[in-house]
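Report on the structure
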Amino acid sequence: MIWVTRLCYLEFDCAVNLLRRASIGVAEGGGNGKTSAAIAQSACEILRCLWVPITKRINYAKNLSKNWKNLCKKTSELGARRDDIDATIERVKPYKTPTRECEEWKNNVEEMEKSIMITKPEFEDEKKCLRGLCPDIFARMRLGGRVVNMIGEVEELLTKSKFENDFVTDSPPLKVEKKLVPDSLTVSAFKTLEKVLDKIQDKTTPKIGIWGMGGIGKTTIMQLLNNTPEITTMFDFVIWVTVSKSWNIEKIQEDVGQRLSINKTNESTDGVASILLQKLEDKKYLLLLDDVWEKIDLSVVGFPNAHQENGCKVVLTTRKLEVCRKMEIDDEIKVEVLPEKEAWEMFNLKVGNVEMSPTIRQYAEEIVRECGGLPLALKVVGGALRKVKNENVWRQFLRDLKSPAEALIEDINEVFKSLKVSYDYLTDIEQKNCFLFCGLYPEDHKIKKSDLIVYWRAEGLLSGKLTLADARVKGDVILEALVDTSLLEKCDGKASNDYVKMHDVVQDLVLAMTSPKGEENLHLVSAGTSTEMPEDKEWENATRISFMDNQHLSNLPESPDCPMVLTLLLRGCSNLKVIPESFFANMPRLHVLDLSNTGINSLPVSISKLVTLRELLLNRCFNLNVLPLELSELKELEVLEVTGAHLDYLHIGIFELTNLRRLKISDIRSNGNFVDGGQILVPGLISKISQMEEFYVPNLLYDFGVSVKSENIVASELSNFSSLSSVQFQFLSASNLQYFLQNSISWRERKLTEFRFRVGPRDRSFNLSKYKKCLTYEGGRGEDRSILPWAIEDVLSRSNAFELVGHGELTTLSDVGARNTYELKCCDVRSCDMLENIVNRNGLEMDAFRNLNILSLRSLRNLKCILKMEGPPPPLSGVANSFTNLKILFVSNCPMMKHVFSNGFMIQQLSNLEWLQIADCSGLEGMLPEDENVEYEALPKLKVLAMWGLSEFVSCFKGNAMCWKSLERVEISKCPKLRKLPLDVNSAANLKKIMPHKVLRPKLLLVPVRWMESSRSHYQYLVLLPQAQGILVVAKRGT
């Protein structure tokens, strides 16, 4: 900075010369010494005052570069703080929203970033000054002053970011929550919807009733109404409540409170009503009440009265016109049956592609007429005849439809007439009995298939002496048949494969058929309802009794006489605290007893009287602290489950239940510490339950309070279970696992179709429970110095999920044996400090991990790459299958990795990758080394790309545009060196979200760009993420 020094001396010399001349003038004028000194002193003071601003301006210019770097650093801190706040805001959505103070602060941050970006070109121009020569020194001073001022403003924003009060507040509820609508919609449904919309727009009809018989399509119309776009512009809130027969004020208040995001903890009914009334005051709401069976006083619930002045509306559905009248409905809209044409179309849709002869068509037309245009009946009957081509079957079905059984109660209407024909049409008595059993569940209940099938087996509904595995196969076939005939339905979403449900009209049919006036064995069902305790006579005649999920049941009769009862379901009766001591004394035929999710703390001694009991379930009985010794007297018991209890002690007498086929005991300890109960596992004790098929006692020694010295006995006798098909167990050592494998007939003969083994310390849990064949190993080499102990390799070769923890010597994961990885679908590796790569050249040639779907690599401090290639990639003629089926890749806390993909060949191998997530890898520089090439359509199936906490990450495929035809979401957080993504306006047609980690809607700058594609207009949005300087990405939306 030579020019700064020159300027400094120049200004100072000028000032000194002026003073010298002034002194000479004073001397020549004859002034005395004191006067001269005074003048000199004053002049010096003036100089000092002038020097401060001069120095300050000089420092602006002199320290410009240093101050600019400081500004950039402070701005980066400010951006990181803003990102953290955005992430928190996103994490608490939709329940929280940023405060006005927070929004103002974020706007100020955005303005500051814009100012800095505007100032940056000026700074870049100043940097071009060479050898101390500057075209405009004063411009540099002004720029330096602005930079210093910006630093102060950024520091002030950082201080304000601490927010004395919280920066989020409760979010307002959504106007409407969309509902899932059936695919097969009729013209009649839309016509009825139009009628309802007309009445909603009519000020004189604040209350509207939609009524009609069960299965007519009332709920479908309500779903369409709820999802109608016009509704959102007409009301502040659209509130949906499914009422059903088992309704109560508290349940409705709970549903409404959740919908409106109201905290009503520990409030009485009146208190909640007051809160709701205050929330809805001066609000225009639309209340949709589905499946109403009796009058509901909405003012007691907490709703302001709907009338013309406030514009609020109530729409309800019911089967009874009487309900509309009692609810003082202003206009009732009856849902009529389908006209003949629409009924025929719906029936054909359910029957499928059947080539109808003239005779079959005649029968079909008559069957449709018999269904009377009822959508549910058409669905059920059509399902029963799906793809049936035999004319005699059609003829007999029509005959049965016209002559239904007459033993049903009087209230059974034409709906049941159609539905019962489908039931009668079931030729398999097992299917009929299993179907009727489903009526024991509460209305609209999701029925877990596996639980239901075990019930069936225990009661004896499945013929033949079946193993548990065989019963599940047979039961699944029966359920599929019931679903195909539409007597049962599949559930939506993720539960579709594991659960079924029964339509409420179909359930009414079952309850009628199993009522005292019905033709089937009597069921006593008070599931999910608040009915009074049944009369003694009802207990006496019932073959099945269900109080499932009845929150009002708190007491049971002392000793009911139940000579016929086979199944008793008390599951979900959380207010049931005590079972009378003699309650089970007169149930000599009871086969199934489910006490799960009850509030009991013990079992009565009369449990010993259940000599025919085959299934006892005690799952999630959190108050249960003791099991009676009398349990050991239940010699016919085949299934026993005790989970989620708080037992202080579990007696080993359970092993006296010699007929057990399934034993599940887990999470039963009341404290977290092992207590040696002094029980001794005598050799031969566990062998008494040698008929065991499914053994889920992962922490046997711990749960029974037995010393670890007994593990050898457990391993030895567990291996003697010749019928074992499923097991979950934790071995403390690989040697005991080895003994089990070498001596188990089930293992040797591959009868063990489901296993979850864990080898290692007892204080670990099972993390891979979603897979049927899992192995978790926490340890190192085998005793013979092999990479893994022999037993671990043996199990690994059959596993589809593997978790490896803390192996201290393994350097290449494929060294565990490529063939041992062929069955793996999921692999989780963590805390293996010497691991350097996952697959090397040898593993690649042996096709290691060829079927792997999920790979998780965590806390591997020495991992350098996933695929290590020595030499050139394999020739095109050769086929390498490693990772070719990988769909999900997680990498976190691997500081030595520099690139996710070590070479272009690896990217080719991962052509099926759908989810790539990289987090907290401090050494990661990019996706691919600079000297490697990548194809334009690499990773064609990638849907999600997430990168978090990558402090050194610079390049994502060199920033060159690539084709991302499947990419839907990009997440970026704390990647300060990343400047560019490999995207352009055409490369990611399906991209929906670009966001920092857990932030859905960051502050974005949207610039619409229009172009034409296939004669349709589209809009492209260029999205600028201010939290990552210089990143320009795109998101596409069609119009």
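Residues numbered from 1 in each chain as written. Predicted model: local features only at pLDDT ≥ 70, side-chain atom pairs only at ≥ 80, totals over all residues. Heavy atoms only, no water.

- An unreviewed UniProt entry annotates the chain as NB-ARC domain-containing disease resistance protein of Actinidia rufa.
- Under the heading Sequence similarities (unreviewed entry), UniProt records this for the chain: "Belongs to the disease resistance NB-LRR family." (UniProt positions renumbered as here; feature names shortened; annotations may be inferred.)

1. Side note on the nonpolar core
- Formed by 148 residues in total, the largest nonpolar core has its most connected members in F695, F757 and F901.
- The residues touching F901, leaving out its near neighbours within four places in the chain, are M906, I907, L910, L916, M927, L928, P929, L939 and F957.
- In terms of nonpolar packing, the next biggest core, distinct from the first, is built from 47 residues, I200, V315, V368 and L385 among them. (Core = buried A, V, L, I, M, F, W, Y, C linked by side-chain atoms within 4.5 Å. Buried < 20%, exposed > 50% of the residue type's maximum accessible area, 1.4 Å probe, protein only. Contact = heavy atoms within 4.5 Å.)

2. With respect to the environment of E370
- Mapped onto the secondary structure, E370 falls in helix α14 (residues 358-371).
- The exposure class assigned to E370 is partly exposed, which follows from its relative accessible area of 27%.
- A C-alpha to C-alpha distance of 8.4 Å links E370 and L398, two positions 28 residues apart in sequence. (Helix = DSSP H or I, 4+ residues; strand = E, 2+ residues; numbered from the N terminus.)

3. What to know about the state of the cysteines
- Scanning the model with the defined rule gives 0 disulfides in all.
- C438 provides the cysteine sulfur closest to C434, a residue in no disulfide bond, and the two sulfurs are 7.6 Å apart. (Disulfide = S-S within 2.5 Å.)

4. Let's talk about unusual backbone geometry
- We note that S831 has phi near 55°; this positive angle belongs to a residue other than glycine.
- In this structure, S831 sits in the loop between β23 (826-830) and α28 (841-845).
- Judged by relative accessible area, S831 falls into the partly exposed class, the value being 34%.
- Unlike most non-glycine residues, K974 shows phi in positive territory, near 55°.
- The topology assignment puts K974 in the loop between β28 (969-973) and β29 (993-995).
- A residue is classified by how much of its surface remains accessible, and K974, at 53% relative accessible area, is exposed.

5. Section: the pattern of salt bridges
- Under the criterion given, the structure shown has 35 salt bridges.
- Here R781 and E809 are joined by a salt bridge, their closest N and O atoms 2.7 Å apart. Residue R781 is found in the loop between β21 (773-778) and α27 (790-796), and its partner E809 is found in the loop between β22 (801-805) and β23; the two are separated by 28 residues along the sequence.
- For E809, a relative accessible area of 36% gives the class partly exposed.
- Among the ionic contacts, a cluster of salt bridges with common partners joins R472, E641, R662 and E694. (Salt bridge = Lys/Arg side-chain N within 4 Å of Asp/Glu carboxyl O.)

6. Describing the confidence of the model for the chain
- Within the chain, residue pLDDT values average 81, and 82% of them lie at 70 or more.
- Overall, residues 1-10 carries pLDDT values under 50, and its contacts beyond four positions in sequence, including any with other chains, amount to 12 contacts.
- Under a pLDDT of 50 for its full length, residues 404-412 has, in the predicted model, 15 contacts with residues more than four places off or in other chains. (pLDDT = per-residue confidence, 0-100.)

7. Side note on the sheet that holds strand β10 (residues 499-501)
- Strand order in this open sheet of 3 strands is β8-β10-β9, and the pairing throughout is antiparallel. Bordering the open sheet on either side are β8 (447-448) and β9 (489-490), each of which pairs with just one other strand.
- As paired strands, β9 and β10 are joined by 2 bridges and run antiparallel to one another. Across the sheet, the residue bridging to K490 is V500, located in β10. (Pairing = 2+ DSSP bridges.)

8. Notes on the pairing of strand β6 (residues 313-318)
- Among the 6 residues in β6, 6 count as buried, and that is most of the element.
- Residues K313, V315 and T317 point to one face of β6 and V314, L316 and T318 to the other, with burial holding for every one of them.
- Where strand β3 (residues 207-211) meets β6, 5 bridges bridge the pair, whose relative direction is parallel. For I208, the partnering residue across the bridge sits in β6 and is V315.
- By the bridge criterion, 5 bridges tie strand β5 (residues 285-292) to β6 in an arrangement that is parallel. Across the sheet, the residue bridging to L287 is V314, located in β6.

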